Structure formats: C-alpha cells, structure tokens
Amino acid sequence: AAAAVDAFKRQYGLKAPVATRRTSWKPRGCVVAENVAIDGSLVDFEGRKWFDASRVCAVDGIVDDALRADLLEAIRATPEQVDKRAWRRGGLRDVVGDGAAASGGAC
C-alpha cells in the first residue's frame, strides 16, 4: 500500500514544496462576501441516507493585489498556456456508476 501511495504522490505532485512570497495579507482583513449552496442531492449509501450539498464561499481580502494579478493572468490563459500536468478538461464533473458524466453534474 505504501508504494501505491508514493506513486500517487509522485503522479500528482503531492507534498511538493509550494513557492511562497512575502505578502501584506492578514486574516483579520478578510470578509465573507458570499456563502452559497450550488447543488445538493440525497445520498443513499449502505442503508444510510443524508442530504449532501456543495457550497462555495467567496472571501474578500484573502489575496493581495500582486497575487490577484497572477491569478487573473492564469485564469485568462489560452489553452496553449495551460500546464497540462495540472489541468484536466471535465476534471470537476460528477461521475455516475458507469463512468459517464452525470447530466446534473456540479461543474
């Protein structure tokens, strides 16, 4: 099992050091701007049922202007500029039993 975990970490670059830089960010400067449910469904698993919902929380003040500019540049990248190792088309779609994308998927 340990070998499988190590292979997974290597494949997806997990536990890799993250580049950092100085920032003026302070937690007390953050404000929750929105906290909304975007979808939900009844889960029936092994005889237990519960309602599960996906939520998105938008927080103002969590990034400084320099990071905001870098994020906007990355978001607006053309397909040729995207790091194919990190992004997968349809990677956020819900999947049903046969592996087909669900028509009611969240993303």
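1. Considerations on the overall build of the protein
A tally of regular secondary structure across the protein gives two helices and two strands. Secondary structure elements of the protein, listed N to C terminal, follow the sequence α-β-β-α. Taking all 107 residues of the protein together, 1% fall into the buried category. The long-range fraction of contacts in the protein, counting pairs at least 24 apart against all pairs at least 6 apart in sequence, stands at 40%. Just so you have it, the protein exposes about 9700 Å², and 56% of that area is on carbon and sulfur atoms.

2. Remarks on unusual backbone geometry
If you check the backbone angles, Glu46 has positive phi at about 50° while not being a glycine. With respect to the helices and strands, Glu46 occurs in the loop between strand S1 (31-45) and strand S2 (48-60). You can call Glu46 exposed: its relative accessible area is 70%.

3. As for the environment of Ala66
Here Ala66 shows up in helix H2 (residues 65-75). Separated by 43 residues in the primary sequence, Ala66 and Thr23 have C-alpha atoms spaced 8.6 Å apart.

4. Looking at the pairing of S1
Both S1 and S2 contribute to a ladder of 13 bridges, which runs antiparallel. Across the sheet, Asp44 pairs through a bridge with Lys49, a residue of S2. Taken together, S1 and the strand that follows it, S2, pair antiparallel across an intervening segment of two residues, in which Glu46 is found at a positive phi of about 50°.

5. Details of a nonpolar patch on the surface
A contiguous nonpolar surface patch, about 350 Å² in accessible area, is contributed by Leu67, Leu71, Leu72 and Ile75. Relative to the helices and strands, Ile75 resides in helix H2.

About the criteria used
- Residues numbered from 1 in each chain as written.
- Predicted model: local features only at pLDDT ≥ 70, side-chain atom pairs only at ≥ 80, totals over all residues.
- Heavy atoms only, no water.
- Helix = DSSP H or I, 4+ residues; strand = E, 2+ residues; numbered from the N terminus.
- Buried < 20%, exposed > 50% of the residue type's maximum accessible area, 1.4 Å probe, protein only.
- Contact = heavy atoms within 4.5 Å.
- Areas by Shrake-Rupley, 256 points an atom, 1.4 Å probe, with all protein chains shown as cover.
- Pairing = 2+ DSSP bridges.
- Patch = residues over 30% accessible without salt bridge, like charges linked within 9 Å, V, L, I, M, F, W, Y side chains within 5 Å.
- Salt bridge = Lys/Arg side-chain N within 4 Å of Asp/Glu carboxyl O.

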